[in-house]
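What follows is each chain in one-letter form.
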Amino acid sequence: MTVPTRPRYTAHVTREGRWWMVAVPEVDGLTQARRLSEAVPMARSLVAVTLDVDPEDLDIALSIDRVGDVDVADRLAEITRERAALSQLERSLAEHTRSLARDLAERDVPQRDIGAVLGVSHQRAQQLLASRRAS
């Protein structure tokens, strides 16, 4: 059995003066909001009134496009890419750290000294060694 999906509309938001302008291209509509937190409810209301449907049946995605001359969408996309790269780098760093801790422990280096080598507390060194044993 398939679960019915709610219609999805995208609210494209830009900042003009003191207002957030909320455009919903699927219904060729435009509304405004004082606060960004009001953009989705305003878009939902706009679509519901335009199509004469229940607003609760609508799924609204928010796309913050521009604030003045700042291309928010492009910059958010770059931040998302950088976060993904950072996450991968953090996973790699954690693996290298665990690996070095394990290699030192296998050579009878005390946990306090492993912590000193890695620049972490001896308790953290113990956690690193325990996490390796658990997996």
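Scroll up to find the structure this text is about.
Residues numbered from 1 in each chain as written. Predicted model: local features only at pLDDT ≥ 70, side-chain atom pairs only at ≥ 80, totals over all residues. Heavy atoms only, no water.

Below, the discussion takes up the pattern of salt bridges. In this structure the tally under the stated criterion is 7 salt bridges. With its nearest N and O atoms 2.7 Å apart, the salt bridge here joins Arg-81 to Glu-78. Residue Arg-81 and its partner Glu-78 are located together in helix H2 (residues 72–106), separated by 3 residues, close to a single helical turn. One network of salt bridges, with partners in common, ties together Arg-102, Asp-103, Glu-106 and Arg-107. (Salt bridge = Lys/Arg side-chain N within 4 Å of Asp/Glu carboxyl O. Helix = DSSP H or I, 4+ residues; strand = E, 2+ residues; numbered from the N terminus.)

The next subject is the environment of Gln-32. Along the chain, Gln-32 falls in strand S3 (residues 29–33). Among the residues examined, Gln-32 registers a relative accessible area of 34% and is labelled partly exposed. It is 14 Å that separates the C-alpha atoms of Gln-32 and Arg-66, two residues lying 34 residues apart in sequence. Contacts of Gln-32, omitting those with residues within four sequence positions, involve Trp-19, Trp-20, Met-21, Val-22 and Met-42. (Buried < 20%, exposed > 50% of the residue type's maximum accessible area, 1.4 Å probe, protein only. Contact = heavy atoms within 4.5 Å.)

On to the packing of aromatic side chains. Considering all chains together, one arrives at 0 aromatic pairs under this definition. For Arg-34, the ring lying beneath its charged end belongs to Trp-19, and the centroid distance is 4.0 Å. (Phe/Tyr/Trp six-rings, centres within 6.5 Å; stacked < 30°, edge-to-face > 60°. Lys NZ or Arg CZ within 6 Å of the ring centre and 35° of its normal.)

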